[in-house]
Amino acid sequence: MKWLTRRFEGHREVAGDRAATGRRGEKAAAAYLKSQGYTIVERNLTLPGGEIDLIARDNDTLVIVEVKALADPGDGFDPIIRVNKDKRERLVRLADAYCRARRLTDTPVRFDVVGVVFQGKDTVVRHFPRAFDAQGRRL
C-alpha cells in the first residue's frame, strides 16, 4: 500500500507541473497575441461544460483560443494534433454559449490554436489562426 501512495503523490506532482506549464503557456500566448494587435477579452473562462483558455478580439472578430503548452517537446510537438475532435467540438459549444450569454450572436467567431514550447530559457510560440471551423473540422 505504501508504494501506491508514493506513486499517487508522484502523479500529483506531475499533474501540478503540467498545470503550471499550462498557466505559463497561456500567459505567453496572451503576450504573443497582444504583440500581434489582439485584445485579450477573457482568460481561463469556465462555463458549464468546460473552459476556454483565451478569448481575444482581432478587429471585429471574436477569437476563441486553445493553448497547448509543453515544457519538453521530446521528439516533436504539433499543437494542432493535440486538439482532438472532442475538444474542438466542446470549444465550439462553449463559444456558442459565450456568444449567446453576451449577446454576440452576430459577431464573427474564429477558432485558433497557440502552441507554446518552453526549451530551457527560450519560449517558442506557434500561432495557428483558423485552426478549425464552427463544425469542429480542422482547416
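Parameters at a glance
- Residues numbered from 1 in each chain as written.
- Predicted model: local features only at pLDDT ≥ 70, side-chain atom pairs only at ≥ 80, totals over all residues.
- Heavy atoms only, no water.
- Helix = DSSP H or I, 4+ residues; strand = E, 2+ residues; numbered from the N terminus.
- Buried < 20%, exposed > 50% of the residue type's maximum accessible area, 1.4 Å probe, protein only.
- Polar contact = N/O pair within 3.5 Å; in protein donor to acceptor, adjacent residues only side chain to side chain.
- Contact = heavy atoms within 4.5 Å.
- Pairing = 2+ DSSP bridges.

Student: Give me the lowdown on unusual backbone geometry, citing residues and values where you can.
Tutor: Note on backbone geometry: most residues besides glycine have negative phi, and most peptide bonds are trans. Residues other than glycine seldom take positive phi values, yet R103 does so here, at roughly 55 degrees. By the element assignment, R103 lies in the loop between α3 (85-101) and β4 (109-119). Look at R130: it is not a glycine, yet its phi comes out positive at around 55 degrees. Along the chain, R130 turns up in strand β5 (residues 122-132).

Student: Account for the side chain of D133, with residues named and values stated.
Tutor: In this fold, D133 is placed in the segment after β5. D133 gets classed as buried once you look at its relative accessible area, which sits at 14%. One polar contact links the side chain of D133 to the main-chain amide nitrogen of Q135, over a distance of 2.9 Å. In this structure D133 touches V92, F111 and L139, once residues within four positions along its chain are discounted.

Student: Please set out the pairing of β5 residue by residue, giving values where relevant.
Tutor: Successive side chains on a regular strand alternate, one facing one side of the sheet and the next facing the other. Where β4 meets β5, eight bridges bridge the pair, whose relative direction is antiparallel. By the bridge assignment for β5, G115 is matched with R126. The turn linking β4 back onto β5 is made up of two residues, and G120 within it adopts a positive phi angle of 65 degrees.

Student: Residues and numbers for the environment of Y98, please.
Tutor: With respect to the helices and strands, the residue Y98 is situated in helix α3. With relative accessibility at 3%, the residue Y98 sits in the buried group. With 46 residues separating them in the primary sequence, Y98 and I52 have C-alpha atoms 9.7 Å apart.

Student: How would you explain the environment of R23 if you had to name every residue and give the values?
Tutor: With respect to the secondary-structure elements, R23 resides in helix α1 (residues 2-35). Considered as a pair, R23 and A69 are 46 residues apart in the sequence and their alpha carbons are 8.6 Å apart.

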